[in-house]
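Read off the chains here:
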Amino acid sequence: MRVALFISGGGSNMLSLVKSMAQDHPARPCLVLSNRAEAGGLAKAEALGIATEVVDHRPYGADRAGFEAALQDVLLRHAPDMICLCGFMRVLTEGFTREWEGRMLNIHPSLLPKYKGLHTHQRALDAGDSEAGCTVHEVTAKLDDGPVLGQARVPVLAGDTAETLAARVLVAEHRLYPAVLRRFVSGDRRPVLLA
Ligand code: GAR
């Protein structure tokens, strides 16, 4: 199983997935793709000997279909079997999500269905939630909405800011995403539930 990983930033989730795909793991990374040339994760992937590509979304402006056609061209060359979105901060349209449905995962920093979209940690704090967490789900046409494949929970602590909570959730993300990917590539869709 060949896995393409899409990033927009530091790529810590990408790294945790890449490191997990070793030894008897049934999948291997074949590509790290970013929509931003300055994404820190690109150098980390290169250092590990993984092919990298940049498809900058900005020249396409509002032409989302054009951007996604460029993504598909790159994907054709690297022939992944599936895609893991790892902090990829572009909304994908139905044309792209339909093409990859059942073969594309995303990690989102909230306990979905709570807090789809952005600013998840601040919204959890504003709501007075006592716990927060992250979700890995299959990507469908609706944003942050596909079948849930795993969730990890962390406590919200007194004095938390969006930054301290995000850091605690990120540690949980690094445990959850590899656990879900391993199960998913072996054909098991039962959700991974981590405390
Ligand atoms: C992660 O917290 C991920 O859950 C979030 O972006 C961060 C990327 O960090 N993704 C989203 O908000 C997607 N809507 P990373 O680049 O270090 O993996």
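Residues numbered from 1 in each chain as written. Predicted model: local features only at pLDDT ≥ 70, side-chain atom pairs only at ≥ 80, totals over all residues. Heavy atoms only, no water.

Remarks on the site of the ligand
The test is simple: Throughout, near means a residue has at least one heavy atom within 4 Å of the molecule or strand. Nitrogen and oxygen atoms within 3.5 Å of one another constitute a polar contact, given that in protein one can donate a hydrogen and the other can accept it, and given that sequence-neighbouring residues count only through two side-chain atoms. Here the Shrake-Rupley method, with its probe set to 1.4 Å, supplies the accessible areas, and only the displayed protein chains count as covering residues. A cavity here means a set of 1 Å grid points, computed over protein atoms only, where a 1.4 Å probe fits but cannot escape. A pocket is an open set with protein on both sides within 12 Å along at least 5 of 7 lines, and lining residues have an atom within 4 Å of a point. Whether a molecule sits in a cavity or pocket is decided by its atoms, more than half of which must lie within 2 Å of the grid points. Each helix is a run of H or I in the DSSP string that is no shorter than four residues. Each strand is a run of E no shorter than two, and both are numbered from the N terminus. Residue polarity follows a fixed list, in which Ala, Val, Leu, Ile, Met, Phe, Trp, Tyr, Cys and Pro are nonpolar, Asp, Glu, Lys and Arg are charged, and the others, Gly among them, are polar.
Neighbouring residues of the ligand: Gly10, Gly11, Ser12, Asn13, Gly87, Met89, Ile107, His108, Pro109, Leu170 and Glu173. The backbone of asparagine 13 places a nitrogen or oxygen atom 2.9 Å from an oxygen atom of the ligand. Contact with the protein chains hides 82% of the accessible area of the ligand, taken as 450 Å² for the molecule alone. Here the ligand is seated within the largest pocket. For the shell around the ligand, the secondary structure elements donating two or more residues are α1 (12-20), β5 (104-108) and α6 (162-185). Broken down by class, the residue content of the shell around the ligand amounts to four nonpolar, six polar and one charged.

What about the pattern of salt bridges?
Put simply, the test is: The rule for a salt bridge is simple: a side-chain nitrogen of Lys or Arg has to be within 4 Å of a carboxyl oxygen of Asp or Glu.
Tallied over the entire structure, the rule returns 13 salt bridges. Ionic pairing is found between aspartate 188 and arginine 190, a salt bridge with its closest N-O pair at 2.7 Å. Overlapping salt bridges bring together Glu94, Arg98 and Glu101 as one network.

Digging into the layout of surface pockets
Here is the rule we go by: Grid points are joined across faces, edges and corners, and a volume is the space filled by probe spheres set on the points.
Considering only enclosed or pocket space, the largest pocket measures out at about 840 Å³ in volume. Secondary structure elements with two or more residues in the lining of the largest pocket: α1, β5, α5 (120-126), β6 (131-138) and α6. Across the lining of the largest pocket, the residue classes break down as 14 nonpolar, 16 polar and six charged.

Description of the packing of aromatic side chains
Rules: In summary, the pairing rule links any two rings of Phe, Tyr or Trp, Trp by its six-membered ring, whose centres are within 6.5 Å, and it sorts them by plane angle into stacked for under 30 degrees, edge-to-face for over 60 and tilted for everything else. Whether a charge sits over a ring depends on NZ of Lys or CZ of Arg being within 6 Å of the ring centre and within 35 degrees of the ring normal.
For the structure shown, the criterion picks out three aromatic pairs. Relative to phenylalanine 67, the ring of tyrosine 60 has its centre 6.0 Å away and its plane inclined at 55 degrees; by these criteria the two rings are tilted. In this structure, arginine 103 is placed above the aromatic ring of tryptophan 100, and the distance from its NZ or CZ to the ring centre is 4.2 Å. Its end group placed over the ring of phenylalanine 184, arginine 189 keeps NZ or CZ at 3.9 Å from the ring centre.

Things to note about the side chain of histidine 137
Rules: Contact criterion: two residues are considered in contact whenever any of their non-hydrogen atoms come within 4.5 Å of each other.
Relative to the elements of secondary structure, histidine 137 occurs in strand β6. Beyond its immediate chain neighbours, meaning those up to four positions away, histidine 137 contacts Met104, Leu105, Asn106, Leu112, Asp144, Asp145, Gly146, Pro147, Val148 and Leu149.

Structural notes on the sheet that holds strand β4 (residues 82-85)
Let me state the cut-off plainly: At least two DSSP bridges between two strands are required for those strands to pair. For helices, the fitted line uses only the C-alpha atoms of the stretch in contact; every axis is such a line through C-alpha atoms, and the angle between N-to-C directions lies from 0 to 180 degrees.
Strand order in the open sheet made by the eight strands is β3-β2-β1-β4-β5-β6-β7-β8, with mixed pairing throughout. Two strands lie at the open edges of the sheet, namely β3 (52-54) and β8 (192-194), each paired on one side alone. Mean inter-strand twist for the sheet, computed between neighbouring axes without regard to direction, equals 15 degrees. As defined by bridge partners, strand β1 (residues 2-7) adjoins strand β2 (residues 28-34) across six bridges and the pair is classed as parallel. Counterpart to leucine 5 in the pairing with β2 is valine 32. Across the face of the sheet, helix α2 (residues 40-47) comes into contact with β1, β2 and β3 while running at roughly 155 degrees to β3.

Details of empty space enclosed by the protein
On inspection of all chains with the given rule, the structure shows one cavity of 30 Å³ or more. Considering only enclosed or pocket space, the largest cavity measures out at about 60 Å³ in volume. Lining the largest cavity are His57, Tyr60, Gly61, Asp63, Arg64, Phe67, Glu68, Arg90 and Val91. By residue class, the composition of the lining of the largest cavity is three nonpolar, two polar and four charged.

Observations regarding the pairing of β2
Across a regular strand the side chains alternate sides, sitting on one face of the sheet and then on the other. This is how it is decided: When accessible area is computed with a 1.4 Å probe and restricted to protein chains, residues below 20% of their type maximum are described as buried, those above 50% as exposed, and intermediate ones as partly exposed. Note on handedness: a crossover is taken as right-handed if, strands pointing away from the viewer, the path from the first strand over the helix to the second is clockwise.
Burial runs high along β2: five of the seven residues are buried. Regarding topology, α1 serves as the crossover connection from β1 to the parallel β2, and that connection is right-handed. Pairing geometry for β2 and β3, over three bridges, is parallel. In the sheet register, serine 34 faces β3, and the bridge partner there is valine 54. In this region the chain leaves β2, passes through α2 and returns to the parallel neighbour β3; the handedness of that crossover is right-handed.

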